[in-house]
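What the coordinates show
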Amino acid sequence: MSFPLADTSFVESTGVILIKSVVIFAAVLVIVPMILLLERKLLGRFQNRYGPNRVGPYGLLQPAADVLKLLSKEQFYPRTGVPLLMAIAPAIMIVTAIASLAIIPFGDVKHGLGAKYGLYGIDVNIGILYAFAFGSLAFYGLLLGGWASGSKYSFLGAMRSAAQLVSYEVSLGLSLIGVVMMAGSLSLVDIVYAQHAIWYIAPQFVGFLIFTVAGFAETNRPPFDLPEADAELVGGYNTEFGGMRFGSFFMAEYMNMLVIAGLAAAMFLGGWRGPGPGYLDPLWMLAKMFAIVVFFIWIRATMPRLRYDQLMSFGWKVLLPLATLNLLVTATLVALL
């Protein structure tokens, strides 16, 4: 089966790439506080209470107040900590999350100002493997942060992060191979083009469910937030972090949630495709990502945290065999059809 592929007949100038990089970084700095406010508001409604409503009209300035609070806090290092590594760890988390966001496509190739440009940071031919590579590097930020803190609680949270990421990343990858086989390309832009007739959530519904569950574990979101379980580990790998270094870990978590939402929208929900003219492409992509983010928040308010043995058992004994079976069935059908 053949599909229309992305327009690769043009090469973007260095200036255009730099501008897009700045736009992506600025957009993340704006969107993440908005998601945090949305989460606190929705959690309040889910729990029959008001969310933040004191700072600014309807509490809309609460994210700005939180940032100012974190910026004004004094940096503290435990006596047994390693200050340099404690500074590097949150930076690794931020850089890997932004690098992963760069491949999320928000629209088709557009024409303007005498040039062509794609509504995405980069379109690399390894596509989804690029996101997995940087997602794997984020693991070092968690592990380094926990180890460099010189705290047993922090180190235990970091080890939980390592085990959890390794366990669920396998299922996460297998859940997407079926989509890659159907599209015949690793490029996210090509995969969106391949969904011109039908969104892949229909033929790959099992893969979508596996990807969603594994995405919760990869982002350390409830009910898979064992690495930072406050009832057991105080705060996990970020226990000894304060100020904007804690804020960086916090920000990276929400950025990774955006990455998972973007990948799910591009791989299973048709990406930017939707009714209406082409200038609505980014709005359709953002709407799909918004729906997935709201689902993340909804699950946080609904599901209790798993025990650690349940977490590992579910990943290896349920999710991995199911992902493997889905891959085998997809491969058979693609070969026959």
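Please read these numbers as outputs of a predicted model, since none were measured by experiment. Starting from 1, residues in each chain are numbered consecutively following that chain's sequence as written. With pLDDT at 70 or above as the cut-off, local features in this predicted model cover only qualifying residues; side-chain atom pairs require 80 or more to be listed or tallied, and sums for whole chains, interfaces and linings still use all residues. The side-chain figures draw on all heavy atoms in the structure; neither hydrogens nor water molecules are used.

1. Some remarks on helix 9 (residues 243-268)
The condition is simple: Secondary structure follows DSSP: runs of H or I at least 4 residues long count as helices, runs of E at least 2 residues long count as strands, and numbering of each begins at the N terminus. A helix is expected to span 1.5 Å multiplied by its residue count minus one. Per-residue accessibility, obtained with a 1.4 Å probe over protein chains only, is compared with the maximum for each type, and a residue is labelled buried under 20%, exposed over 50%, and partly exposed between these values.
Compared with an ideal rise of 1.5 Å per residue, which puts 26 residues at 38 Å, helix 9 spans 38 Å between its outermost C-alpha atoms and is within 8% of the ideal. Across the 26 residues of helix 9, 23 count as buried, placing the element largely inside the fold. Backbone geometry just after helix 9 places Gly270 at a positive phi near 80°.

2. Describing the layout of surface pockets
Filter applied, for reference: Both site types are read off a 1 Å grid over the protein atoms alone. A 1.4 Å probe that fits but cannot get out defines a cavity, while an open set with protein on both sides within 12 Å along at least five of seven lines defines a pocket; lining residues have an atom within 4 Å of a point. Grid points are joined across faces, edges and corners, and a volume is the space filled by probe spheres set on the points.
Approximately 960 Å³ is the volume attributed to the largest pocket. The wall of the largest pocket is formed by 37 residues, among which Leu36, Phe246, Phe250, Met251 and Tyr254 lie closest to the centre. At the level of secondary structure, the elements contributing two or more residues to the lining of the largest pocket comprise helix 1 (14-46), helix 2 (62-71) and helix 9. Per element, the largest residue contribution to the lining of the largest pocket is eight residues, and it comes from helix 9.

3. Describing the side chain of Gln195
Test applied: Pairs of N or O atoms within 3.5 Å make up the polar contacts considered here, provided that, within protein, one atom can donate a hydrogen while the other can accept it, and that residues adjacent in sequence are counted only when both atoms are side-chain atoms. Note on contacts: a residue pair is in contact if any heavy atoms of the two residues lie within 4.5 Å.
Relative to the helices and strands, Gln195 resides in the loop between helix 6 (188-194) and helix 7 (205-218). A distance of 2.7 Å separates the side chain of Gln195 from the backbone oxygen of Ala266, its partner in a polar contact. Look past the residues within four positions of Gln195 in its chain and what remains in contact with it is Tyr200, Ala266, Met267, Phe268, Leu269, Gly270 and Arg273.

4. Brief notes about the pattern of salt bridges
We count it as follows: Between Lys or Arg on one side and Asp or Glu on the other, a salt bridge is scored when a side-chain nitrogen of the former is within 4 Å of a carboxyl oxygen of the latter.
Evaluation of the coordinates by the stated rule reveals six salt bridges. For Glu253, the salt bridge identified is with Arg221, shortest N-O distance 3.4 Å. In this pair, Glu253 is assigned in helix 9 and Arg221 in the loop between helix 7 and helix 8 (230-233), connecting sequence segments 32 residues apart. Taken individually, Glu253 and Arg221 each receive the classification buried, so the pair is uniform in this respect.

5. What to know about the packing of aromatic side chains
The test is simple: Stacked, tilted and edge-to-face pairs are distinguished by plane angle, under 30 degrees for stacked and over 60 for edge-to-face with tilted covering the rest, among Phe, Tyr and Trp rings (Trp via its six-membered ring) whose centres lie within 6.5 Å.
Across all of its chains, the model carries twelve aromatic pairs by this definition. Ring geometry for Tyr237 versus Phe249: centroids 5.3 Å apart, planes at 65°, classification edge-to-face. Of this pair, Tyr237 sits in the loop between helix 8 and helix 9 while Phe249 sits in helix 9, and the two are twelve residues apart along the sequence. On the basis of relative accessible area, Phe249 is assigned to the buried category, the value being 2%. Here a set of aromatic residues connected by ring pairs shows up, and it is made of Phe208, Phe211 and Phe268.

6. Focus: empty space enclosed by the protein
How we decide: Three residue categories are used. Nonpolar comprises Ala, Val, Leu, Ile, Met, Phe, Trp, Tyr, Cys and Pro, charged comprises Asp, Glu, Lys and Arg, and polar comprises the others, including Gly.
Taken as a whole and judged by the stated rule, the model has two cavities of 30 Å³ or more. Within this model, the largest cavity holds a volume of roughly 330 Å³. Around the largest cavity sit 25 residues that line it, and Gly135, Ala138, Glu218, Thr219 and Asn256 are the ones nearest its centre. Contributions of two or more residues to the lining of the largest cavity are made by helix 3 (83-101), helix 4 (128-148), helix 5 (152-183) and helix 9. Its residues assigned to classes, the lining of the largest cavity shows 16 nonpolar, six polar and three charged. Volume-wise, the second largest cavity comes out at about 30 Å³.

7. Some points on the confidence of the model for the protein
Low-pLDDT portions of the prediction should not be read for the details of their coordinates. Put simply, the rule is: Each residue carries a pLDDT value, the predictor's own confidence for that position, ranging from 0 to 100.
On average, residues of the protein carry a pLDDT of 87, and 93% of them reach 70 or more. Of all helices and strands in the protein, the one with the weakest mean pLDDT is helix 8 (65), whereas helix 7 scores best (94).

8. Quick notes on the packing of helix 7 against helix 9
Here is the rule: Axis definition: a line fit to C-alpha positions, over the contact stretch in the case of helices; interaxial angles, taken between N-to-C directions, run 0 to 180 degrees. An angle below 35 degrees is treated as roughly parallel, one above 145 as roughly antiparallel, one from 65 to 115 as roughly perpendicular, and anything else as oblique.
Running from N to C, helix 7 and helix 9 point in directions that differ by 175°, and their axes come no closer than 11 Å. Relative to helix 9, the element helix 7 is oriented roughly antiparallel. For the pair helix 7 and helix 9, contact is made by Gly207, Phe208, Phe211 and Gly215 and by Ile260, Leu263, Ala264 and Phe268, respectively. Split into classes, the residues belonging to the contact of helix 7 with helix 9 amount to six nonpolar, two polar and no charged.

9. What about unusual backbone geometry?
What is expected of a backbone is that most residues other than glycine have negative phi and most peptide bonds are trans. Note the cis peptide between Pro222 and Pro223, where omega equals 5°. Its place among the elements puts Pro223 in the loop between helix 7 and helix 8. Its identity is not glycine, yet Asn48 carries a phi of approximately 60°, on the positive side. Note that Asn48 resides in the loop between helix 1 and helix 2. With a relative accessible area of 75%, Asn48 lands in the exposed category. Phi at Asn220 is positive, roughly 55°, even though this residue is not glycine.

10. Things to note about the environment of Tyr130
When you line up the elements, Tyr130 lands in helix 4. A relative accessible area of 15% places Tyr130 in the buried class. Taking the C-alpha atoms as reference points, Tyr130 and Arg305, 175 residues apart in sequence, are found 31 Å from one another. If sequence neighbours within four positions are ignored, Tyr130 has contacts with Ala99, Ser100, Ala102, Ile103, Ile122 and Val124.

11. Details of helix 7
Helix length check: helix 7, at 14 residues, gives a terminal C-alpha distance of 20 Å against a target of 20 Å (1.5 Å per residue), a fit within 8%. With ten of 14 residues buried, helix 7 lies mostly within the body of the structure. All of the buried residues in helix 7 are Gly207, Phe208, Ile210, Phe211, Thr212, Ala214, Gly215, Phe216, Ala217 and Glu218. Among the residues trailing helix 7, Asn220 stands out with phi positive, at a value near 55°.

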